[in-house]
Amino acid sequence: PQGATRAGWTAISIGVAWALVAALVFALLGGPISRIYTSDPEVIAFAATLFLIAGLFQLFDALQTVATGALRGMGDTRTALVWNLVCYWVIGFPFGCWLGFYLGWGAVGIWCGLCLALVLIGIGLTVRWLNLTLLDNIT
């Protein structure tokens, strides 16, 4: 159990560290990347905004993906199912639609809703992993 715990935390740390690099690239280079595809300043500004959201998206997507794998390795497949179901379909999707369509945020609102879902899933699954590994280390 201690080796599995260490391996899980190592995987989570490496996954998040790599995603942090990707997030920084998106945040810092969103404008220049956009300029590769268009010279329209409005499109570049809009794309740069989406790149910022995508950076945050990358970070928490990595966290939830690796935490899901760690939990799966411990035999816990149900937690990820429940967190994904609730956070995407009950929270993220409706919130994104509300921001995107009702408040008029458009694509930014949809992405914000999906990003919120990923943040919640990533944190929730990591807390579950923490609780399971603490229980293993106590017994």
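Colleague: What exactly am I supposed to notice about the overall build of the protein chain here?
Modeller: Across its full length, the protein chain carries four helices and zero strands. Reading the helices (α) and strands (β) of the protein chain from amino to carboxyl end gives α-α-α-α. Each of the three principal axes of the protein chain carries a C-alpha extent, and together these read 60 × 30 × 15 Å. Counting across all 139 residues of the protein chain, residues that qualify as buried make up 35%. For the protein chain, long-range pairs separated by at least 24 residues make up 74% of all intrachain contacts whose partners lie at least 6 apart in sequence.

Colleague: Is there a simple way to explain the pattern of salt bridges in this structure?
Modeller: Note that side chains of opposite charge can pair when their charged atoms are close. This structure, assessed with the given rule, holds one salt bridge. In this structure, the salt-bridge partner of Arg128 is Asp76, at a minimum N-O distance of 2.8 Å. Of this pair, Arg128 sits in helix 4 (residues 107–138) while Asp76 is found in the loop between helix 2 (41–73) and helix 3 (78–102), placing the two residues 52 residues apart along the sequence. A relative accessible area of 31% places Arg128 in the partly exposed class.

Colleague: How should the packing of aromatic side chains be read in this particular structure?
Modeller: The geometry of an aromatic ring pair is captured by the separation of the ring centres together with the interplanar angle, meaning the angle of the planes. Inspection of every chain in the model, using the stated rule, returns six aromatic pairs. Judged by centre distance (6.3 Å) and plane angle (65 degrees), the ring pair of Trp9 and Trp129 falls under edge-to-face. One end of the pair, Trp9, is in helix 1 (residues 2–37); the other, Trp129, is in helix 4, and 120 residues separate them in sequence. For Trp129, a relative accessible area of 2% gives the class buried. Centre to centre, the rings of Trp89 and Phe93 are 5.5 Å apart; their planes meet at 55 degrees, and the pair counts as tilted. With a gap of four residues between them, Trp89 and Phe93 both fall in helix 3, about one helical turn apart.

Colleague: Please clarify how the environment of Gly122 should be interpreted in this entry.
Modeller: In this fold, Gly122 is placed in helix 4. Separated by 71 residues in sequence, Gly122 and Phe51 have C-alpha atoms that sit 20 Å apart. Leave out the neighbours within four places in its chain, and Gly122 touches Phe60, Leu63 and Gln64.

Colleague: I keep staring at a nonpolar patch on the surface and nothing clicks. Help me out?
Modeller: Together, Leu81, Val82, Leu85, Val86, Trp89, Val90, Ile91 and Phe93 make up an exposed nonpolar region whose accessible area comes to about 770 Å². By relative accessible area, which is 43% here, Val82 ends up partly exposed.

Colleague: Sorry, what's going on with the nonpolar core here?
Modeller: A general feature of soluble globular proteins is that nonpolar side chains tend to end up buried together. Counting residues in hydrophobic clusters, the biggest one holds 22 residues, and the most contacted among them are Ile12, Phe60, Leu71, Leu125 and Trp129. Sorting the residues of this core by element identifies helix 1, helix 2, helix 3 and helix 4 as the ones contributing at least two each. Every residue in contact with Phe60, bar those within four places of it in the chain, is listed here: Leu118, Val119, Gly122 and Ile123.

Colleague: Whenever I open this one, the state of the cysteines confuses me. Can you help?
Modeller: Think of a disulfide as a covalent bridge from one cysteine sulfur atom to another cysteine sulfur atom. Under the definition given, this model contains zero disulfides. No disulfide involves Cys87; its sulfur sits 12 Å from the nearest other cysteine sulfur, which is in Cys115. A disulfide-free cysteine, Cys112 has its sulfur positioned 6.9 Å from the sulfur of Cys115, the nearest such atom.

Colleague: For this particular structure, what's the right way to read helix 2?
Modeller: An α-helical segment advances 3.6 residues per turn. Residues three or four places apart therefore align on the same side. Across its 33 residues, helix 2 extends 47 Å between first and last C-alpha, which sits within 8% of the 48 Å expected from 1.5 Å per residue. Where helix 2 begins, the side chain of Asp40 points an oxygen toward the backbone nitrogen of Glu42, at a separation of 2.9 Å. Gly75 occupies a position one or two residues after helix 2 and carries a positive phi of about 90 degrees.

What counts and how
- Residues numbered from 1 in each chain as written.
- Predicted model: local features only at pLDDT ≥ 70, side-chain atom pairs only at ≥ 80, totals over all residues.
- Heavy atoms only, no water.
- Helix = DSSP H or I, 4+ residues; strand = E, 2+ residues; numbered from the N terminus.
- Buried < 20%, exposed > 50% of the residue type's maximum accessible area, 1.4 Å probe, protein only.
- Contact = heavy atoms within 4.5 Å.
- Salt bridge = Lys/Arg side-chain N within 4 Å of Asp/Glu carboxyl O.
- Phe/Tyr/Trp six-rings, centres within 6.5 Å; stacked < 30°, edge-to-face > 60°.
- Patch = residues over 30% accessible without salt bridge, like charges linked within 9 Å, V, L, I, M, F, W, Y side chains within 5 Å.
- Areas by Shrake-Rupley, 256 points an atom, 1.4 Å probe, with all protein chains shown as cover.
- Core = buried A, V, L, I, M, F, W, Y, C linked by side-chain atoms within 4.5 Å.
- Disulfide = S-S within 2.5 Å.
- Expected span 1.5 Å × (residues − 1).
- Polar contact = N/O pair within 3.5 Å; in protein donor to acceptor, adjacent residues only side chain to side chain.

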